[in-house]
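Structural overview
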Amino acid sequence: MLAALAGETRPRPPFWLMRQAGRYLPEYRELRAKAGSFLDLCYNPDFAVEVTLQPLRRYGMDAAILFSDILVVPHALGQPLDYLEGEGPKLDPVRSVADLSRLSRDRFHERLAPVYETVRRLSTAIPQQTTLIGFAGAPWTIACYMVEGGGSKEYAHVKRWAYGDPAGFSRLIDLIVEVTADYLCAQIEAGAETVQLFDSWAGVLPPGPFRRWVIEPTRRIVALIKQRHPTVPVIGFPRGAGLAYEDYVTDSGVDAVGLDTTVSPVWAARTLQNRVPVQGNLDPILLAVGGEAMRGAAAEILEALAARPFIFNLGHGVIQTTPPEHVAELAALLRSWPEGA
C-alpha cells in the first residue's frame, strides 16, 4: 500500500476496506459484549488491538486501520459523548462562541493516551508487509457532530452558525484543525505509516463553503503534518464531494484521495488519477449482496483504475448485514487480479 501511495502502479492493487473491523464479524460482536460501552472498546488497547487484527486474520488485507472512532477528538476536548443503542452518538451541542469555553485542550493527549498505546501495539502486532493506517475526522465533519449533537439530515444548526457567524465558527474549526493535526502526528509517532482524514459530511456544502470549511482546513492539517512528518502520506476522503473532488485534489495537499460510491471510476481515472493515487470505491451494498453483481462491479473498478497508482476499497464502510463470506470472496478476487479477472 505504501508503494501505491508513493505513486507506484502495482501488478495487483493493494486493498483494505473502510470499517473492515466491525459488527458484521461475529468475533467482533463477542468482544463488544465483553467491553461494555463502545467507548470502552475504543479506549481499551487490549480490545482495540484485537478488533483491528480480526479482519486481517480472516482476509489478509494489505492494511490495518486503527480501531477507534472519529468522535474521540471532541470527547478528548471535554465534550460529553455517549453512544445510544439504535441511535448512534449523542453529544452535548456546542452552538456558539460562548459554548467554546466548555472545551479544553488541557487533557487532550492524556485522554487519548489509550489510542496511542493501541497504535504502538499494532505497529508490532501486524505482519511486516501490512500497512498501519491512523485516522481522524476532518474538521467540517467533526464540527457537524459537535454542533448538531449527533447525526443530522439537514445540518441546520451547523450551517446556520457557519453561514451566519463565519468568524465565530472559524474559532471552532481552528481548534479542530490544531488538535487534529496534533492527534494524527501522535499516531504517526506511535507507529502509523499513513493517515486518513474522513470528511463524511463534505457533500452537504455548496461550492463556496466547501472550499472554506472542507478544502482549506484539510490543507492546513496536511501542512502541519508535513512540517513534522514530511514523508508520511495523507489520504483524504471527502465523501459526497461530486465534481468538487477535482478542486479538493488540486488544493487540499492530500497525497491520495478516497472515492465515494457515487464517483465514476472512469471519470476518476481521467480527472484525478494523473495527479494523485486514488482509493475506492465499491458500493458497500454490493459487498452485502455478493455474487455476480459484486464481482462485476469490482472488475469494472479494477479495469478503470488498476493501470495507475490505486488502492482498492469501498465507497463507504462495510455495513452490519454483510455476510463475512462475501468479504472472503472479494478478497480472493482481489488477490487473484489480474489472473483471475
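What counts as what
- Residues numbered from 1 in each chain as written.
- Predicted model: local features only at pLDDT ≥ 70, side-chain atom pairs only at ≥ 80, totals over all residues.
- Heavy atoms only, no water.
- Helix = DSSP H or I, 4+ residues; strand = E, 2+ residues; numbered from the N terminus.
- UniProt positions renumbered as here; feature names shortened; annotations may be inferred.
- Polar contact = N/O pair within 3.5 Å; in protein donor to acceptor, adjacent residues only side chain to side chain.
- Phe/Tyr/Trp six-rings, centres within 6.5 Å; stacked < 30°, edge-to-face > 60°.
- Buried < 20%, exposed > 50% of the residue type's maximum accessible area, 1.4 Å probe, protein only.
- Contact = heavy atoms within 4.5 Å.
- Axes fitted to C-alpha atoms, helices over the stretch in contact; angles between N-to-C directions.
- Parallel < 35°, antiparallel > 145°, perpendicular 65-115°, else oblique.
- Left-handed = near helix turned anticlockwise from the far one by under 90°.
- Nonpolar A, V, L, I, M, F, W, Y, C, P; charged D, E, K, R; others polar.

As for unusual backbone geometry
Cis rather than trans, the peptide bond between Gly280 and Asn281 has omega equal to -15°. Inspection of the secondary structure puts Asn281 in strand E8 (residues 278-282). The amide bond that connects Trp337 to the next residue, Pro338, takes the cis arrangement and shows omega of 5°. Looking at the secondary structure, you find Pro338 in the segment after helix H16 (324-336). In this structure, Arg19 takes a positive phi of about 60° despite not being glycine.

Considering the UniProt feature "site: Transition state stabilizer" (unreviewed entry) in the chain
The residues that UniProt annotates with the feature "site: Transition state stabilizer" (unreviewed entry) are Asp69. Of note, Asp69 is situated in the loop between strand E1 (63-65) and helix H5 (72-76). Polar contacts involving the side chain of Asp69 include one to the main-chain amide nitrogen of Leu71, which spans 3.0 Å.

Focus: the packing of aromatic side chains
Per the stated rule, a full pass over the model turns up 13 aromatic pairs. Look at Trp140 and Phe169: their rings are 6.0 Å apart centre to centre, the planes differ by 70°, and that puts the pair in the edge-to-face class. Here Trp140, found in helix H8 (residues 139-148), pairs with Phe169, found in helix H10 (residues 166-190); they are 29 residues apart in sequence, far enough to count as distant. Taken individually, Trp140 and Phe169 each receive the classification buried, so the pair is uniform in this respect.

Some points on the environment of Lys226
Along the chain, the position of Lys226 falls in helix H11 (residues 207-228). Looking at Lys226, the relative accessible area reads 21%, which means it is partly exposed. Separated by 41 residues in sequence, Lys226 and Cys185 have C-alpha atoms that sit 9.3 Å apart. Filtering out sequence-adjacent residues up to four positions away, Lys226 remains in contact with Val232, Pro233, Val234 and Asp255.

Details of the packing of H8 against helix H9 (residues 156-164)
The packing of two helices is summarised by the inter-axis angle and the distance between the axes. Contact geometry of H8 with H9 gives a least axis separation of 8 Å together with a crossing angle of 110°. Our classification of the angle between H8 and H9 gives roughly perpendicular. The crossing of H8 and H9 is right-handed. Contact residues: H8 offers Trp140, Ala143, Cys144, Val147 and Glu148, while H9 offers Ala156, His157, Val158, Lys159, Trp161 and Ala162. Split by residue class, the contact of H8 with H9 holds 8 nonpolar, 1 polar and 2 charged.

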